[in-house]
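# Descriptive analysis of the structure
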Amino acid sequence: MWFEFFKFDLRYQLRQPLLWVVALALGAMAFGAASSDVIQVGGSIGQINRNAPMVIVRFLGVFTVISMFVVTIFIAGPVLRDAELGMSDMIFATPMRKHDYLLGRFLAGLTACLFIFAMVAMGLMIGPYMPWVEPDRVGPFSLQPFLVGFALFVLPNLLFVGTLLMLLAATTRSMLLVYVGIVAFFVLWIVANTLTRDINNEWLAALIDPFGMQAFGRAVRYFSTADANSLLPPIAGFILANRVLWSAIALALTLATLMLFKPQRAGTGRRLFGKSKKAPVSEVAPTVNIRSIQPTPTAVTPWVQCWSILRFDTKAVLKSVPFLVMLLFAIMNFFASVSQSGRTYGTDTYPVARSMLETLTGTFNFMLIIIVTFFAGELIFKERQAKIADVTDAMPIPNWAPLLAKCGALGAVILAFLSVGVLSGIIYQLIRGGAPIEVDVYIKGSLVGALPFVLSGLWALSLQIFTNNKFIGYLLMILFMVAQIVLSTMHFDHNLYTPASLPPLPYSDMNGYGHFWKGWSWFLLYWSLFTGGLMILAQAFWVRGLSQEWKTRVRLAQHRLIGSSGIALILCALGFMGTGVWIFYNTNILNSYRAGDVAMDRTAQYEKLYRQYKGAPHPKITAVNANVDIFPAERRVLIRGHYILQNKTTQPLDRLIMQVNEQVETTWDALPAHEVVVDDADFGFKIIKLNQALAPGDKLDLNFKVNITSRGFTNSGAADSVNLNGTFFNNATYFPRFGYNAGAELQQRTERRKRGLGEPERMAKLEDEPARAHSVMSSEADWVDFETTVSTSADQIAMAPGYLQRTWEENGRRYFHYKMDRPMMNFYAYLSARWEVKKSDWNGIPIEVYYDKKHPYNVDRMIESTKKSLDYYTREFTPYQHRQVRILEFPAYASFAQSFANTIPYSEGIGFIADLRNKDDVDYVFYITAHEMAHQWWGHQVIGAGVQGSTLLMESLSQYAAMMVMEKEYGREKMRRFLRYELDRYLSGRGGEEIAEQPLYRVEAQQYIHYRKGSLVFYRLRDEIGEVPLNRALKRYLQDKGFQEPPFTTSKELLEYIRAEAPADKQDLITDLFEKIVFYDNRVTEATAKQRDDGQWDVTFKLHLSKMEADGKGVESPRVYDEPVELAVFARGPSGKEEDEMVLWTEKRLISKDERVLTVTVKDKPFEVGVDPYNKMIDRVARDNRKPISFE
Amino acid sequence: MLSIQQLNKTYSNGVHAINNVSLDIPNGLFGLLGPNGAGKSSLMRTIATLQEPDSGRIEFNGLDVLRHKEELRRKLGYLPQDFGVYPKVSAEDLLHHFAVLKGLTQRSERKEAVEGLLRQTNLWEARKRGLGTYSGGMRQRFGIAQALLGSPKLVIVDEPTAGLDPDERNRFLNLLAEIGEQVVVILSTHIVEDVTDLCPRMAMISKGRVLIQGEPQAAIEGLRNRVWRKRIAKAELTDYQSRYTVLSTRLVAGHPQINVFSELPLTDGFVQVEPDLEDVYFLQLRAARGV
């Protein structure tokens, strides 16, 4: 019997166009995600194979989450369908058994969903074999991950979601409640996600997630690339527990459904709101004499009608269940994410309006694309679906009125949706407090955010009208979205031909929308005109009354386009072409536009032509003197500079290899007599041969002029360094340079291979002695004398390294003359902005923070950190070489801080808005400031040679120095939290490695190594050999290598200094820490305790200890556990919290292989046992290092 | 006065839905009688400007309807056959909305018109309820209310009584009767009584052709003395059908009773009866089928 229901229902499902549309759409999405990085489903794939088993399983799992709403249609829908179609009485009157009915329907729905997932799997299978996918990112095909994915995620998740929906549908008989159920379900899921941010809630988080994705994520979290490409996590632990739990719940739900479902009650379900009213029936129709009221049409009548339809349709959408569900989902998504966004080391940022808007864009607004697509179809077919079209079509309204009304309704829906977003943002601001509610920023931000969706919505409307078939309309809209994505993967990325695409419009508190709005507005006008034309065409194709064949429609449309609408269409087309030409002129002629692949071809071409000059002997810059005039309002900079070059080699040099920024106009004044050898204006590359060679030790003066103008606007709308408020550029951007620019080389292996280039070389080998002739900072200079005069508009301050000699006003502009009193790195920046200034001093050295008036929050912390840093570094290392410190805020187009000599630009995006009101949080403003201050030593006193390991000398040592300052300020407990984040970021950074992981002393500017692993290594080293010896080593190193001329120092030399201070038994450890990639797996697997007769406690525990060494690709080999490990037994104070813990016993012990069960005696009642309890060693799972004790 | 001349429409599937139809429809109720699928709705939709004919002319009080659709729509009230509603919108709200679409843009006028029609259709008490809760009859009354918005000069109601119980049907027909003599009301139906009860003029239509048009009484007169009735046994039915022009068969107390058309007097148990419109209808349909 159930089979009959099943067969009937499945046939019904398979005939539904919706099923096919959904299956194809999700299949296409899977295909896109598997073949490119542009469509990302559940995070990027990283560097592992596109068809790695883990990737496939994760994709399948994530798709079960996003297909939730779809499952509702196919599983909950059938149960409610009979009632909706008025069939229920007929069906329930038959002598069927209810569980046959339910089972048949459910299985049919499930089969339909499995059909969708078969399409998804197909997309995943063929995606990686597309020609544009790099072949080395594709592993051998295996069916196993698909089977595992289906068995582990697809089937259990569909079962669970399906049974939940069945239960809701069968008991409530209301689609609204079913949707509410889904939303509740999402809450659960988001809660699980949120909980995992707090690393201590692992088990709970892994179990509470009904999709099991958290559990899966935990199991593969620290997979190396090699693991991920070949392995699947064992079905045990978190995964097994989670799957068993939720399958059991699914079973329970099924039973509950069977028990609670009462077919007799069909259609008598209680109303959700209010009571249902009975119609009073009056027997006799009263005769009413009504006055005959005839319409008197005027010119405004159509507009009033249009307005009425707009209001009517908007109200209907706003009150409809799908809209409310999506709105609710978006609100929840926003609130779940907003507290996380911008969080650094677990510390929040102030809820400024700018970051509220950014979070809304990422978590809330994107729902609009679904909303406009869906409701475009609903609005166009609204009358026809309700079978009311014949009535309305016969009403005296012009065709354009309903069309315009529906466009308006869609716009109103978008605005209503975004207004709720803004309201959510404001509510969050009120809850958190501390940041002003900037209504104007919200209004502007929402309008800017709304317009792309308005365009998409209008496209969706017109597609619905042209196709005159809702599902084909949806399908084309999906294709439209896919096209936008696919075009850009294929490097067709000009906004002129990517449908309805606008350049980004970044907002900064300092610079507002800056000059970016200009290009954005032109593109908006361009696509608006196109969309306007589309709407005029749509109006001509508007179907009224009986729908006609395409031929008739075209004839009718031609007829309708005669007259004013035709003229409007022509005007739109002309306007579109006109703005297109204007945009092209701006983006491609005034500015240069290169598609992604063309730009890479060019870079490859540069490398092929000029790599031969890499490392060619060249005179070095020894002095820079520049007059820099910044004109913020015109976004123009004029540099008149003077270099002194010196031949520091022992050979006469007659060639100058000059590299200028080809985007700006650079001219050399009065070059000495020469012949031109190479002059490639396209690359800004020029080689001249001097008639008179430069003898060793001789100097050469060069004068140049650089004219930086900003003309028109660009296609990418990418952040610029010259801004209306907040200009920030360094010398590498605009000043002329010398020698081949190796920094521009392509790094991605596949892109290099495609262009016939060899393996990427990020950095010279550590052993490359000739490379030590240059510092990592600059190959064209060692140390330079620096002097500059910089001017800006009267309302701004202009800034550059050096000491202010004089400032004056002239011709309505402000001038600042800065001069450095000692040679510095050839690395300097110019900034200009409207700043507030806060001044302080440390032992007579002025400390100044230049900040935007909106961001006064943490200025004092920065000053405090600067002082503490100066205290520690001058005491432990060497004296500070400068007499001032200046911190300068720049717009959030980039999020970093950078240390120039006595000058530290600091992005508004980090630190300035960190919310440090909670004293328990990690004060990362303090840490970043200390780190940048440390660079005045590590980077500006000692600089490494341009070989592997040089960023260890700069960044890892700055991390170490900053950690010491931070530890003195905040204590060890805070450091442990800080280091947990560092460990997490190191481990996840490994997964994104593009070439090979290096041991720390060979780091090739890999951030996850020199920052994150650097922190872990130095903190442990400090712990093992002590702060005093380590600092002594560093001090000696600074004294010996500071302000050094070439050959420059290397990480090897640093290690010699450290080894010299370390005891003999730590030498192997130093090797492991710096020269190898070593992991530990420390666990307490059992812990019991028993009270002795004398009142003391015997604690017995079992350990699992292993040590592994990894190669650059992540392939691991076991090592003998040859080092002592810290063991401890803890008790907890009365509060029972971790802050309150006491150490009952601790010892560092070398544990041999056969004594992994230990018993120790402690005085007080113990609470837990730990091995490496403070997580000082690099251990993939830090949590299992401690285990609470069970008592016998 | 609505005049239709040589109207033709053939659908892409080959169905000749309107076949050279010419009709003259004066003010007052006009019944358009025909079986399901006769082309009534096609004709109605064409008059209501929702469909283009292949050829022919339609004129309403001198207005060329096919060329000036917009103007006709200002004078038109239309209740289509398969008429739906927005289930969650109240009758009052939807009627207001329709009133605006009809061009009643002035608020006070609109309010008066809507209120009047709600009272007239006896929906006043139920005006705040969602239309989804309405019974079939109430829904049809709502349909006529919207059709009467703006005092149209041409009212087209397509199969309005199908599926209504006798009470509701009466109530509905009363409403139609009230509309008045000064407008053209076209009532399309397949129920003969609707026309008999209401319409001073009518046309019968089948397979897109007009079979007969004029006053019902005149058509009935044409059959006087030529309709005969007999009760027969079930088994004899086929035999009778082959021998006589059987117009209709109906069961009376379980036995078939047949009406037969015959120019010549019939004996053998046949009784002459007064013809009614139904007899005319069935005779015409038979004739049409024979063609």
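This text follows the structure it describes.
Reference entry: report on the structure contained in this document.

Analysis parameters
Residues numbered from 1 in each chain as written. Chains lettered and ligands numbered in written order. Predicted model: local features only at pLDDT ≥ 70, side-chain atom pairs only at ≥ 80, totals over all residues. Helix = DSSP H or I, 4+ residues; strand = E, 2+ residues; numbered from the N terminus. Rg over C-alpha atoms; globule rule 2.2 N^0.38 Å. Buried ≥ 20, exposed ≤ 12 C-beta atoms within 10 Å, placed from the backbone. Contact = placed C-beta atoms within 7 Å. Core = buried A, V, L, I, M, F, W, Y, C linked by C-beta atoms within 7 Å. Axes fitted to C-alpha atoms, helices over the stretch in contact; angles between N-to-C directions. Left-handed = near helix turned anticlockwise from the far one by under 90°. Nonpolar A, V, L, I, M, F, W, Y, C, P; charged D, E, K, R; others polar. Parallel < 35°, antiparallel > 145°, perpendicular 65-115°, else oblique. Pairing = 2+ DSSP bridges. Expected span 1.5 Å × (residues − 1).

Per the secondary structure count, chain B includes ten helices and 14 strands. The C-alpha atoms of chain B give a radius of gyration of 21 Å, which matches the 19 Å a tight globule of 291 residues would have. The 291 residues of chain B split such that 46% are buried. If you take every contact in chain B between residues at least 6 apart in sequence, the share linking residues at least 24 apart comes to 68%.

If you tally the helices and strands in chain A, you get 34 helices and 27 strands. Here chain A has a C-alpha radius of gyration of 34 Å; the compact-globule value for 1192 residues is 32 Å, and the two agree. Across the 1192 residues that make up chain A, the buried fraction comes to 44%. A separation threshold of at least 6 residues defines the contact pool for chain A, and within that pool the share at least 24 residues apart is 74%.

Taken across its eight residues, helix 10 (residues 213–220) of chain A has seven buried, putting it largely inside the fold. Met213(A), Gln214(A), Ala215(A), Phe216(A), Gly217(A), Arg218(A) and Ala219(A) are the residues of helix 10 of chain A that are buried.

What follows deals with the nonpolar core. Leu410(A), Ala961(A), Phe30(B) and Leu187(B) are the most contacted members of the largest nonpolar core, which has 285 residues in total. Considering each element in turn, this core owes the most residues, 14 residues, to helix 21 (residues 516–540) of chain A. Apart from the residues lying within four places of it in its own chain, the contact partners of Ala961(A) are Tyr873(A), Ala930(A), Ala934(A) and Trp938(A). The next biggest cluster of nonpolar side chains, apart from the first, holds 73 residues, and it includes Leu26(A), Met54(A), Leu158(A) and Ile182(A).

This part takes up the packing of helix 1 (residues 2–15) of chain A against helix 6 (residues 98–126) of chain A. When two helices pack together, their arrangement is captured by the angle between the axes and the distance separating the axes. Residue and element names in this part refer to chain A. Following both chains from N to C, one finds helix 1 and helix 6 inclined at 35°, their axes separated by 7 Å at the closest point. Remark: the crossing between helix 1 and helix 6 carries right-handed chirality. Contacts from Trp2, Phe3, Glu4, Phe5, Phe6, Asp9, Leu10 and Gln13 of helix 1 reach helix 6 at Asp100, Tyr101, Leu103, Gly104, Arg105, Leu107, Ala108, Thr111 and Ala112. Along the lines of polarity and charge, the residues of the contact of helix 1 with helix 6 split into ten nonpolar, three polar and four charged.

The partner chain B presents 42 residues to the 34 residues of chain A that form the contact. Counting residues per element, the ones that place at least two in the side of chain A that touches chain B are helix 13 (301–319) and helix 17 (389–393) of chain A. In terms of residues, the side of chain A that touches chain B owes the most to one element, helix 13 of chain A, which gives five residues. Of the residues that constitute the side of chain A that touches chain B, the class distribution is 19 nonpolar, nine polar and six charged.

Our focus in this paragraph is unusual backbone geometry. Cis rather than trans, the peptide bond between Pro1046(A) and Pro1047(A) has omega equal to 0°. With respect to the helices and strands, the residue Pro1047(A) is situated in the loop between helix 32 (1027–1041) and helix 33 (1051–1061). Phi is positive for Asn811(A), close to 50°, though the residue is something other than glycine. Relative to the helices and strands, Asn811(A) is located in the loop between strand 12 (803–810) and strand 13 (813–819). Overall, the presence of 7 C-beta atoms within 10 Å leaves Asn811(A) in the exposed class. One non-glycine residue, Asn61(B), lies in positive phi territory at about 45°. Along the chain, the position of Asn61(B) falls in the loop between strand 4 (55–60) and strand 5 (63–64).

Time to look at the packing of helix 3 (residues 53–66) of chain A against helix 10 of chain A. Residues and elements named next belong to chain A. Where helix 3 contacts helix 10, the two axes come as close as 10 Å, and the packing angle between them is 160°. As far as their axial angle goes, helix 10 and helix 3 are roughly antiparallel. The handedness of the crossing between helix 3 and helix 10 is left-handed. Contacts between helix 3 and helix 10 involve Met54, Arg58, Gly61, Val62 and Val65 from the former and Met213, Phe216 and Val220 from the latter.

What follows concerns the sheet that holds strand 14 (residues 829–833) of chain A. Residues and elements named next belong to chain A. One open sheet holds the three strands; their spatial order is 8-14-11, and the pairing between them is antiparallel. Each of the sheet's edge strands pairs with one partner strand only, and the pair in question is strand 8 (727–730) and strand 11 (797–799). Between one strand axis and the next, the sheet turns by 5° as a mean value, whatever way the strands run. Of the strand pairs in this sheet, strand 11 and strand 14 are connected by three bridges, and their pairing is antiparallel. Bridge pairing in strand 14 links Ala798 to Ser832.

A word on the sheet that holds strand 11 (residues 227–231) of chain B. Residue and element names in this part refer to chain B. Spatially, 12-13-11-14 is the arrangement adopted by the four strands of the open sheet, whose pairing is antiparallel. Looking at strand neighbours, the two that pair on one side only are strand 12 (245–252) and strand 14 (271–272), the edges of this open sheet. For strand 11 and strand 14, the ladder comprises two bridges, and the chain directions are antiparallel. Looking across to strand 14, one finds that Arg229 is bridged to Val271.

Moving on, we come to the environment of Leu983(A). Residues and elements named next belong to chain A. With respect to the helices, strands and loops of the structure, Leu983 is situated in helix 30 (residues 972–991). Taking C-alpha positions, Leu983 is 9.0 Å from Ala1182, a pair spaced 199 residues apart along the chain. Residues in contact with Leu983, not counting those within four places in the same chain, are Leu1016, Asn1175, Ile1178 and Ala1182.

Looking now at the pairing of strand 16 (residues 845–851) of chain A. Residue and element names in this part refer to chain A. Here strand 15 (residues 836–842) pairs with strand 16 via seven bridges, running antiparallel. The partner of Lys839 across the bridge, within strand 16, is Glu848. Here strand 15 folds back onto strand 16, and the loop between the two strands holds two residues, one of which, Asn843, carries a positive phi near 45°. Bridging between strand 16 and strand 17 (residues 885–890) involves four bridges; their strand directions are parallel. Pairing of Val849 across the sheet is with Ile887, part of strand 17.

Residues and elements named next belong to chain A. Relative to strand 13, strand 10 (residues 781–793) is paired through seven bridges, and the arrangement is antiparallel. Note on strand 13: the bridge partner recorded for Ser791 is Tyr815. When strand 12 meets strand 13, the two strands line up antiparallel, connected through seven bridges. Across the sheet, the residue bridging to Thr807 is Phe816, located in strand 13. Counting the residues in the hairpin turn of strand 12 and strand 13 gives two residues, including Asn811, whose phi is positive at 50°.

As a further point, take helix 23 (residues 564–590) of chain A. Residue and element names in this part refer to chain A. Between its terminal C-alpha atoms helix 23 stretches 37 Å, which fits the 39 Å expected from 27 residues at 1.5 Å a residue. Where helix 23 is concerned, the buried positions are Cys572, Thr579, Ile583 and Thr587. Residues of helix 23 that are buried in the fold lie against helix 21.

This next bit is on the environment of Tyr101(A). Residues and elements named next belong to chain A. Relative to the helices and strands, Tyr101 resides in helix 6. Among the residues examined, Tyr101 registers 22 C-beta atoms within 10 Å and is labelled buried. Spatially, the C-alpha atoms of Tyr101 and Glu4 are 8.9 Å apart, while their sequence positions differ by 97 residues.

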